[in-house]
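Coordinate analysis (summary)
The lines below spell out each chain.
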Amino acid sequence: MEINWDLGPEEVGNNADPSQETKNLLGGFKVYKRRWFILSVVCMLNCSNAVIWLSFAPVANLTARYLGASLDQVNWLSLVYMVVAVPFCFVTTWMLDTLGLRISLILGSWLNMVGSGLRFLSILNSLPQSVRYFPLLMGGQTLCALAQTLIIFSPTKLAALWFPQHQRATANMIASMCKSGICWWGSQNQRGCWLGLGGRPPSPPSASAESSNSEPFLQGIKLLLMNRAYMILLLCMGSGIAVFTCFSTVLDQILCVKGYSDEFAGICGALFILFGVVGAAFLGFYVDRSKKFIEATKLGMSLCALACIGFAVVSQLRDQKAAVAVLCSLFGFFGFSLYPVAMELSVESSYPVGEASSSGLLFISGQIQSIIYMVILQALTKPIADSPFSTCGTGGSQGLSWRVPVLVMAGLWSVGTCCFVLFFHTEYRRLRAEADAIITTETEPGRSQSTRET
């Protein structure tokens with residue numbers, strides 16, 4: 001019997017779980033070209049949410065002056081993302097693993113669009129002073145923070161459901177790193193609101209996708225909490241996420257007191273993100289082919305710790321623009337690249353628990369630690385009696401020293417790295433399950449394990 005491998009998914013059948021006989025006839029597992037379109041939508045959703053989240057951090061002092069708010073209030077425009085994430089992430093991980101991608105992404109894009117609208121209204125002079133500026137702006141930020149909890153866990157789920165084994169880390173990297181990019185978020189939000197995204201392909205791309213979510217949600221959470229390797233990853237990588245969040249939030253405040261301008265702080269933030277995306281691209285392609293998730297993560301965390309220590313020292317010196325810019329670039333290059341690999345590693349160490357549950361709990365750990373770290377770092381700042389070189393303006397940080405907080409931040413990253421390097425060991429459960437499936441299907445007459453693209 002001759003099979004036409006160019007058949008579209010509609011001709012294959014629209015059932016979410018095709019029969020074994022159908023998969024046998026089609027030569028095993030299949031991937032669909034429209035996976036790249038769905039990936040592009042997830043990328044834009046992540047991108048727009050990132051722009052909203054950190055849009056005020058590079059100009060915190062200017063924002064405080066314009067809004068008539070304190071720097072602590074401006075920092076809460078970023079921190080609200082962490083506060084909202086902690087209670088709602090459990091709901092959204094359940095939605096992703098139970099209701100699927102389609103409902104979660106469409107709801108997330110609507111929340112993002114409404115929240116962005118409130119942010120726009122907050123600067124209109126026609127509104128009463130009592131609701132204008134900060135209160136309305138915080139309301140918009142809160143809705144966008146809710147949207148993030150629906151969007152942030154989608155890359156691992158998307159990669160598992162739509163992409164074959166040799167493309168999962170790359171797909172996860174692309175979708176995750178778009179959270180760090182710059183994009184035209186308005187058109188993206190509208191596109192995500194109206195598109196009817198596919199939750200699952202008609203036929204799975206790999207053996208693990210066939211049994212995705214084989215564990216009930218609550219049982220999956222219980223298994224995660226009893227998994228020693230996963231818990232080490234949860235605490236150590238959560239600490240890394242927290243340090244990165246704090247760094248992104250207070251970079252401008254750290255540099256301005258030493259005489260560096262807001263424009264230079266913005267350039268450093270851009271280099272931090274740009275080199276992070278480049279690093280993630282290289283590492284994503286590498287681990288997709290080598291499957292050395294553990295080795296790549298341990299080496300990346302170690303090099304990132306060195307960059308963080310270097311930044312903690314050099315940022316307290318004046319007239320060191322080149323060194324500060326280089327260290328911000330290296331910090332991003334080694335640090336940002338860890339996020340998508342760590343998310344894949346969380347799935348590998350906890351399979352067959354649902355992908356959204358394993359990556360979601362890891363993200364929640366990062367958000368909880370981010371709140372704690374920000375409170376600690378802000379409490380460790382000290383007033384400076386005289387700061388003649390400060391460019392912080394009148395927003396309230398003109399006389400605050402960040403020397404101790406940045407050293408503590410470097411110490412926290414270093415401790416987390418040491419614990420991870422020394423104590424984290426695990427088998428790749430998902431890859432092993434897929435290898436076992438290959439052995440099984442090769443013994444079945446009439447079935448091929450090849451992955452076809454339609």
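Residues numbered from 1 in each chain as written. Predicted model: local features only at pLDDT ≥ 70, side-chain atom pairs only at ≥ 80, totals over all residues. Heavy atoms only, no water.

Considerations on the overall build of the protein chain
Helices and strands together make up the secondary structure of the protein chain, namely 20 helices and four strands. Out of the 454 residues belonging to the protein chain, those deemed buried represent 56%. For the protein chain, the accessible surface area stands at approximately 18,300 Å², while carbon and sulfur atoms represent 67% of it. (Helix = DSSP H or I, 4+ residues; strand = E, 2+ residues; numbered from the N terminus. Buried < 20%, exposed > 50% of the residue type's maximum accessible area, 1.4 Å probe, protein only. Areas by Shrake-Rupley, 256 points an atom, 1.4 Å probe, with all protein chains shown as cover.)

Topic: the state of the cysteines
Applying the stated criterion across every chain yields a total of zero disulfides. With no disulfide of its own, C268 has C328 as its nearest cysteine by sulfur position, at a separation of 4.2 Å. Taking the relative accessible area as the measure of exposure, C268 reaches 0% and is therefore buried. (Disulfide = S-S within 2.5 Å.)

Observations regarding unusual backbone geometry
Cis rather than trans, the peptide bond between Y351 and P352 has omega equal to 10°. Along the chain, the position of P352 falls in the loop between α17 (338-350) and α18 (355-380). Look at K291: it is not a glycine, yet its phi comes out positive at around 60°. Counting through the fold element by element, K291 comes out in the loop between α14 (262-290) and α15 (293-314). For K291, a relative accessible area of 16% translates into the label buried.

Re the packing of helix α13 (residues 228-256) against helix α19 (residues 403-423)
α19 packs onto α13 with a crossing angle of 160° between their chain directions and a minimal axis gap of 10 Å. The angle between α13 and α19 places the two elements in the roughly antiparallel class. In terms of crossing hand, the pair formed by α13 and α19 is left-handed. Along its contact with α13, which presents R228, I232, L233, C236, S239, G240, V243, F244, C246, F247 and I254, the element α19 presents V406, M409, L412, W413, G416, C419, F420 and F423. Taken together, the residues of the contact of α13 with α19 break down into 15 nonpolar, three polar and one charged. (Axes fitted to C-alpha atoms, helices over the stretch in contact; angles between N-to-C directions. Parallel < 35°, antiparallel > 145°, perpendicular 65-115°, else oblique. Left-handed = near helix turned anticlockwise from the far one by under 90°. Contact = heavy atoms within 4.5 Å. Nonpolar A, V, L, I, M, F, W, Y, C, P; charged D, E, K, R; others polar.)

A look at the nonpolar core
Grouped together as the largest cluster of nonpolar side chains are 111 residues, with contacts concentrated most on L255, F311, V324 and F331. A total of 17 residues in this core trace back to one element, the largest contributor, which is α13. (Core = buried A, V, L, I, M, F, W, Y, C linked by side-chain atoms within 4.5 Å.)

Details of the packing of aromatic side chains
Applying the stated criterion to the full structure yields 15 aromatic pairs. When the ring of F244 is compared with that of F272, the centres are 5.2 Å apart and the planes differ by 35°; the resulting orientation is tilted. With F244 in helix α13 and F272 in helix α14, this pair connects stretches of sequence that are 28 residues apart. Take F244 and F272: they sit in the same class, and that class is buried. Between F247 and F311, the aromatic rings sit 5.0 Å apart at their centres with planes inclined by 70°, giving edge-to-face as the arrangement. A residue pair is termed long-range when its members are at least 10 positions apart, and F247 in helix α13 and F311 in helix α15 qualify at 64 residues. Both residues of the pair, F247 and F311, count as buried. (Phe/Tyr/Trp six-rings, centres within 6.5 Å; stacked < 30°, edge-to-face > 60°.)

Describing the packing of α18 against α19
For the pair α18 and α19, the least separation of the axes is 8 Å and the interaxial angle reads 145°. The crossing of α18 and α19 is right-handed. Every residue of α19 that contacts α18 at Y373, L377 and L380 is listed here: V404, P405, V408, M409 and L412. For the contact of α18 with α19, a count of residues per class yields eight nonpolar, no polar and no charged.

Things to note about α13
With 29 residues, α13 should reach 42 Å at 1.5 Å per residue; the first-to-last C-alpha distance of 42 Å fits that figure. The element α13 is largely enclosed, with a buried count of 26 among its 29 residues. (Expected span 1.5 Å × (residues − 1).)

Brief notes about the pattern of salt bridges
Going through the model one piece at a time under the given rule, you end up with six salt bridges. One salt bridge in this structure joins K291 and D288, with 3.9 Å as the shortest N-O distance. Between R318 and D319 there is a salt bridge; the shortest N-O distance is 3.6 Å. Within this structure, R168, E344, E348 and R430 form a network of salt bridges that share partners. (Salt bridge = Lys/Arg side-chain N within 4 Å of Asp/Glu carboxyl O.)

Points about the side chain of S357
Within the element layout of this structure, S357 appears in helix α18. Under the relative-accessibility criterion, S357 is labelled buried at 2%.

Observations concerning a nonpolar patch on the surface
Together, Y66, F120, L121 and I123 line one region of the surface with nonpolar side chains, adding up to about 410 Å² of accessible area. Among the secondary structure elements, L121 is positioned in helix α6 (residues 101-121). For L121, a relative accessible area of 35% corresponds to the partly exposed category. (Patch = residues over 30% accessible without salt bridge, like charges linked within 9 Å, V, L, I, M, F, W, Y side chains within 5 Å.)

A few points about the environment of G310
Among the secondary structure elements, G310 is positioned in helix α15. Given a relative accessible area of 18%, G310 falls into the buried group. Placed 100 residues apart in sequence, G310 and A410 show a C-alpha to C-alpha distance of 8.7 Å.

Re the environment of D319
Note on placement: D319 falls in the loop between α15 and α16 (321-336). The class of D319 is exposed, set by a relative accessible area of 60%. Considered as a pair, D319 and Y260 are 59 residues apart in the sequence and their alpha carbons are 7.9 Å apart.

Focus: the confidence of the model for the protein chain
Caution is warranted with low-pLDDT regions, since their predicted coordinates should not be read in detail. Mean pLDDT for the protein chain: 77, with 77% of residues reaching 70 or above. Confidence over residues 1-27 falls short of pLDDT 50; this stretch has 39 contacts with residues more than four positions distant or in other chains. (pLDDT = per-residue confidence, 0-100.)

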